[in-house]
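Chain by chain, the residues run as shown.
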Amino acid sequence: MDMMQYLDTIQPELMNITRLFGLPDSDWDTPKWRFTAAAEEGSFRCQFTDGEHSAENAVLIPPEEADARLQELHRKRAARRLVRQTLYDLCRKATGIHPPWGSLTGIRPTHLMYEAIGSGCTEAENAKRYVIDHFDVTPEKAELLWEIAQVQGQLPPPEDRWMDVYIGIPFCTTRCTYCSFSSGELGKGVLVEPYLDALFREMDEASRIIADTGRTLRAVYVGGGTPTSLNEDQLSRMLDRMMLRFPGAMEYTVEAGRPDTITPGKLAAIKAVGVGRISINPQTMNDRTLRVIGRAHTAAQVEEAYAMARAADMHHINMDVIAGLPGENADDFAVTMDAALRFRPESLTVHTLAIKRSSRLHLEQAPLPDGETASRMVQMGLETARTLGMQPYYLYRQKYMAGNQENVGYALPGHACQYNVDIMEETTHILALGAGGISKRVYEDEGHIGRAPNVANIEHYISRVDEMIQRKRDLFMPEAGV
Ligand code: SF4
């Protein structure tokens, strides 16, 4: 394997490392950054220098294997980790910064905890020490990963026979400035009925795929967008179709999202099909911030929505909040946490703001709290969850997160959302219906995920729904050739 050539292919990944330290991408164009790498005497060796500091590491070349493809895979993996770690060491030396997640830049750090457990570190101290020593993760984050692995270990284990279903309703009353989802503004709602027609068709065919492949339904999740932006009649029809086509799942969740879209009639429609698990997402309880981020509701409407949901006998309400919103300080976030303590949701999801390229917030360069403040908010989220008696049960990271933090789902014991775990851990097949949904087939033995994406554009989805159905058949029933 030509190490230098291979390095070229992972350069974007290396930039993710330098970004952890706030180093600009442009540094890569200056002559002071140099790296050398080679395979020699049974080991890969790598050195980075920025002209002032340097870091050097080596790793044993994985031994010969009969399967040439697997051998190449293992060697690339060893080389990649070596190069990433060496660049990370250099950046730490040069800046003195210790990122909370160490050298990890991926979406799913829980996988590293499972790697530790899988390699024999079944005791808490050993497993935490593995992620601390190998990836320089802080002890607090290692503890979080260990706890999550313990909670997930109590859920029904993933098996090939299970299938989850995601139903996407890509409409919102207004567009949040930080949004990077493929949702459209509801406007006059002219696309809703044609969209539901196409969605119902996809639901009918998806239920056939489950039956034809002999799989068992596990969790059904209705997300978006904001499903409750449908009117009462539309929501009721959609939920009836869902129950007709996907009966008997162990869990159903409906995102109620925007508090201003919730009415007693919609809650009654959700309850009427036997669903008691919803999500009401204030994101913040500060009216000023709600205006800044383009949410057309107030904190008072959040209070009303929670009261309405409890009156409708919803047995599980999840509350989504975001740490690091523009213009907020720790005191503002404390106001949101106080509301969580008052509402007593069954689960609390603490997101950290991530400014993606496709969000308007990114373009407007809104003033954001610094990384230290965002980290403090994340800590307040954890403390609030603990006060409410919750445990962390899933976690994921995104690029460009304030303070290099994470998104964590907390829940009361026995209230973890199975679908959230399945989608984040990528251990269960998912049939994703609606515009922008991405169906996934898990090839456990090969460590590979097959994907069938639906087009994100709502009008294209409506006109091309048959093609979207065929993509799912090709993914889950390639042998059928239909
Ligand atoms: S409610 Fe969610 S999907 Fe809708 S605009 Fe806001 S962030 Fe995007």
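Model, not experiment: these values are computed from the prediction.

The number of helices and strands found in the chain is 17 helices and 16 strands. Expected size for 482 residues packed as a compact globule is a radius of gyration near 23 Å; at 24 Å, the chain falls within 12% of this value. Across its three principal axes, the chain shows a C-alpha extent of roughly 70 × 60 × 45 Å. Relative to its full complement of 482 residues, the chain shows a buried share of 41%. Sequence-distant contacts in the chain: of pairs separated by 6 or more residues, those separated by 24 or more amount to 73%.

Among the structural elements, Gln 391 can be located in strand 12 (residues 391-396). Given 19 C-beta atoms within a 10 Å radius, Gln 391 is considered partly exposed. Taking the C-alpha atoms as reference points, Gln 391 and His 74, 317 residues apart in sequence, are found 35 Å from one another. Dropping the residues within four chain positions of it, Gln 391 is found in contact with Glu 147, Val 151, Tyr 410, Ala 411 and Pro 413.

Here the focus is the domain arrangement of the chain. According to the domain assignment, the chain consists of domain 1 (3-95), domain 2 (110-153) and domain 3 (162-443 + 452-459). Each of domain 1 and domain 3 has a C-alpha centre, and the two are 38 Å apart.

Pairing of strand 15 (residues 438-443) with strand 16 (residues 448-453) involves six bridges; the strand directions are antiparallel. By the bridge assignment, Val 442 is partnered in strand 16 with Ile 449. Between strand 15 and strand 16, which pair antiparallel in sequence order, lie four residues; one of them, Gly 447, sits at a positive phi of approximately 60°.

Moving on to the pairing of strand 2 (residues 43-49). Consecutive residues of a regular strand have side chains that alternate between opposite faces of the sheet. Burial of the side chains of strand 2 is restricted to one face: Phe 44, Cys 46 and Phe 48 are buried, whereas none of Ser 43, Arg 45, Gln 47 and Thr 49 on the reverse face is. Sheet analysis places strand 1 (residues 34-40) next to strand 2, joined by seven bridges and oriented antiparallel. When the bridges of strand 2 are listed, Phe 35 appears paired with Phe 48. The turn joining strand 2 and strand 3 (residues 54-60), which pair antiparallel and follow one another in sequence, is formed by four residues; a positive phi near 95° is taken by Gly 51.

Turning to unusual backbone geometry, a few remarks are in order. A cis amide bond links Gly 224 to the next residue, Gly 225, at an omega of 15°. When you line up the elements, Gly 225 lands in the loop between strand 7 (216-224) and helix 8 (232-245). Backbone geometry places Gln 283, a non-glycine residue, at a positive phi of 70°. Assignment of secondary structure puts Gln 283 in strand 9 (residues 277-283).

With that settled, consider the sheet that holds strand 3. Pairing in this open sheet of three strands is antiparallel, and the strands run 1-2-3 from one edge to the other. Where the open sheet ends on each side, the last strands, each with one partner, are strand 1 and strand 3. The sheet shows a mean angle of 10° between the axes of neighbouring strands, direction not considered. This element, helix 3 (residues 68-95), spans strand 1, strand 2 and strand 3 of the sheet and lies at about 155° to strand 3.

Within the largest apolar cluster, 105 residues are counted, with the highest numbers of intra-cluster contacts made by Val 165, Ile 280 and Leu 433. Formed jointly, this core draws a minimum of three residues from each of two domains, domain 2 (110-153) and domain 3 (162-443 + 452-459). Non-local contacts of Leu 433, meaning those with residues more than four positions away in its chain, are made with Val 165, Tyr 166, Ile 167, Gly 168, Leu 199, Glu 202, Met 203 and Ala 206. In terms of nonpolar packing, the next biggest core, distinct from the first, is built from 13 residues, Ile 17, Phe 44, Ala 55 and Leu 87 among them.

Criteria and thresholds
Sequence order as written defines the numbering, with residues in each chain counted from 1. Residues qualify for local features only when their pLDDT is at least 70, as the model is predicted, and side-chain atom pairs are given and counted only at 80 or more; totals for whole chains, interfaces and linings, by contrast, use all residues. Secondary structure counts use DSSP, requiring at least four H or I residues in a row for a helix and at least two E residues in a row for a strand, with both numbered from the N terminus. Radius of gyration here is computed from C-alpha atoms only, and the compact-globule reference equals 2.2 Å multiplied by the residue count raised to the power 0.38. Exposure in this text rests on C-beta crowding, where 20 or more other C-beta atoms within 10 Å of a residue's own make it buried, 12 or fewer make it exposed, and counts in between make it partly exposed. The C-beta atoms are placed from the backbone. C-beta atoms are placed from the backbone for every residue, and two residues are taken to be in contact when these atoms lie within 7 Å. Boundaries between domains were set according to an automatic or database domain assignment. Pairing between strands is defined by DSSP: at least two bridges between the two strands are required. Whenever a helix is involved, its axis is fitted only over the stretch in contact; in every case the axis is a line through C-alpha atoms, and angles between N-to-C directions fall within 0 to 180 degrees. By definition, a nonpolar core groups buried Ala, Val, Leu, Ile, Met, Phe, Trp, Tyr and Cys residues that are joined through C-beta atoms within 7 Å.

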